[in-house]
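The primary structure of each chain is shown beneath.
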Amino acid sequence: MQWDVFICHAREDSDAVARPLAEALRRHGLTVRLDGQALAPGGSVRRALEQGLARAGWGVLVLSRRFLEMDWPRAELDCLLARELGPERVVLPLWHGVTGADIARRAPILAARLAIETDGGMEAACEAIVAAIGRRPPAAQAEEPQRSALPAIWRSLVENPGFSLTDVHHHLSQRESYAGQVIGGYALRELVGVGGSGAVFRAMHGALGREVALKLFFPFTDDLRMVTRATEHAVRGISCLRHPGIAALLDYGYVRIGIGAAPYLAYERVDGPSVLEWSRGAEKARGPASAAGERALLARRVDAALAAAEALHAAHECRVEPETGAAGVLHGDLKPSNVLVRPDGQPVLLDFMMPDIQRLAAERLDLWNGWEKDMEGRYQSAVPATAAFGAPGYMAPEQEADGTVTVATDVYALGRIYEDLFWPGTPGWRWERRATDPGASAVTEAEVAELVTAMTAARPEERPASVGDAAARLQRIRAAHQARARSSGASAHA
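Fair warning: this is a prediction, and the values are worked out from it, not measured in the lab. (Residues numbered from 1 in each chain as written. Predicted model: local features only at pLDDT ≥ 70, side-chain atom pairs only at ≥ 80, totals over all residues. Heavy atoms only, no water.)

Our focus in this paragraph is the sheet that holds strand β2 (residues 32-33). With parallel pairing, five strands are arranged side by side in an open sheet as β2-β1-β3-β4-β5. Whereas interior strands pair on both sides, the edge strands pair on one side only; in this sheet they are β2 and β5 (116-117). Inspection of the sheet shows strand β4 (residues 91-95) paired to β5 by two bridges, in the parallel sense. From the neighbouring strand, Leu94 faces β5, where its bridge partner is Ile116. Against the sheet, helix α1 (residues 14-27) makes contact with β1 (3-8), β2, β3 (56-63) and β4, and its axis sits at roughly 165° relative to β1, the strand it touches most. (Pairing = 2+ DSSP bridges. Helix = DSSP H or I, 4+ residues; strand = E, 2+ residues; numbered from the N terminus. Contact = heavy atoms within 4.5 Å. Axes fitted to C-alpha atoms, helices over the stretch in contact; angles between N-to-C directions.)

Structure (structure tokens):
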């Protein structure tokens, strides 16, 4: 390689961005390829990147409004994935005068990359690039990477047929199994959980100092082109989800582990309890039983239920492929642990299932091994994990039987979550609880119960046609509850 860094940019950004950045990088002792490499209208982003990266260690892709307006096909972005099946990144996006929404409209897959921005000045951008490519993340230097057993655990999944998901749970419960491991520049800090497709860690990006929730998928050893296509499809959809009730996807990539490669996704870290824990906490915080306290608690639960429905409906209705009109991102794995509640009461949906990757995982890792169908055609397993297609107890019958994921299965799972939200810890949920104010709270609770019963109907056609329909019913329930509360309050005052 003849250069440390290659800068790919639109011709119009040469003077304002590319040349000042190149000069700043050279002052830091890096060799930079720039002259004569500006892209003109109709130029090939893919060819420019491939030619530049053939003789440079890293590529900086300057994403500006002019760059996004250029006439280049989406297929040009394939090289961003194909070049990064190794343990380290080779392409760094640099945002100049654009927002994540701007990029998502033109190239959603690029919006899902943790980027360096020029808003803080060219020198700050230069320092971030130098930190990203020049050394191991400072946050990881105090760790002891050689102590980490994570690569061996992941290799065992594909090299040792007897290594199971239960083994993964056991080994990752020990801090030493992942201490000091760095994935794509992220130093792993704490294990959050393990599911049927991978593990989630709290992690810190060493160069940019951002804390994230990093999901590392189990490794794949077959045709990696299938993996990259599945990941690209998933990332393209999830990166379109811009809603306060959905955890934002910040970054993605691949890491080689043994003979396989494992995709990873970095999400916005969300602080807060699960919706079930939040509901229990709200009930404890209510204080002594009273009509006013009962009404206020029920109102908070209805607000949370409505907010979660609106977020899920936004995912179902989002525009994924503006050119073709394709729309909608299904969740497929709704359960209380995937719905966290921020301190302000806003529920946030996490960990959309990404069926393409899940199905590949099921095929490669034989996750159905040990599963048997019962008399009703449902899969049963002793594996204490989500497995490939959802969470036991929250999957609709058709999803539990064959992995079907539709709007109707998301409606069903959301209804099951509502059971935890409104009746936490109540086996065989019921609404006929003892209410202090039967004239207000019990009536509202009965209306919620009627909705939940419809959402969790065994037959898909008996459920609400969409999450939007469920949200509309919740809005009417909330308005009626508020009216009853005002009436009850006025009567008590009188």
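We now examine the nonpolar core. Ranked by size, the top nonpolar core spans 50 residues in total, and within it Leu334, Phe352, Leu414, Tyr418, Leu421 and Phe422 carry the most contacts. When neighbours within four sequence positions are excluded, Leu414 is seen to be in contact with Ala308, Ala309, Leu312, Leu334, Met455 and Val467. Counting residues in each nonpolar core, the second largest holds 26 residues, with Phe163, Val168, Ala203 and Ile257 among its members. (Core = buried A, V, L, I, M, F, W, Y, C linked by side-chain atoms within 4.5 Å. Buried < 20%, exposed > 50% of the residue type's maximum accessible area, 1.4 Å probe, protein only.)

Within the structure shown, the criterion is met by five aromatic pairs. Centre to centre, the rings of Phe422 and Trp423 are 5.7 Å apart; their planes meet at 45°, and the pair counts as tilted. Phe422 gets classed as buried once you look at its relative accessible area, which sits at 1%. Site record: aromatic cluster; members linked through ring pairs are Tyr418, Phe422 and Trp423. (Phe/Tyr/Trp six-rings, centres within 6.5 Å; stacked < 30°, edge-to-face > 60°.)

With respect to the element layout, Glu398 can be found in helix α15 (residues 397-402). For Glu398, a relative accessible area of 19% translates into the label buried. Looking at Glu398, its side chain comes within polar contact range of the side chain of Arg463, at 2.8 Å. For Glu398, the contacting residues outside a window of four places in its chain are Gly403, Thr404, Ala408, Thr409, Ala458, Pro460 and Arg463. (Polar contact = N/O pair within 3.5 Å; in protein donor to acceptor, adjacent residues only side chain to side chain.)

Here we take up the packing of helix α13 (residues 291-317) against helix α17 (residues 441-455). At a minimum axis separation of 10 Å, α13 and α17 run at an interaxial angle of 25°. Comparing the axis directions of α13 and α17 gives the class roughly parallel. In this structure, α13 crosses over α17, and the sense of that crossing is left-handed. In contact with Glu294, Arg295, Leu298 and Val302 of α13, α17 contributes Ser441, Thr444, Glu445 and Val448. Residues that form the contact of α13 with α17 fall into these classes: three nonpolar, two polar and three charged. (Parallel < 35°, antiparallel > 145°, perpendicular 65-115°, else oblique. Left-handed = near helix turned anticlockwise from the far one by under 90°. Nonpolar A, V, L, I, M, F, W, Y, C, P; charged D, E, K, R; others polar.)

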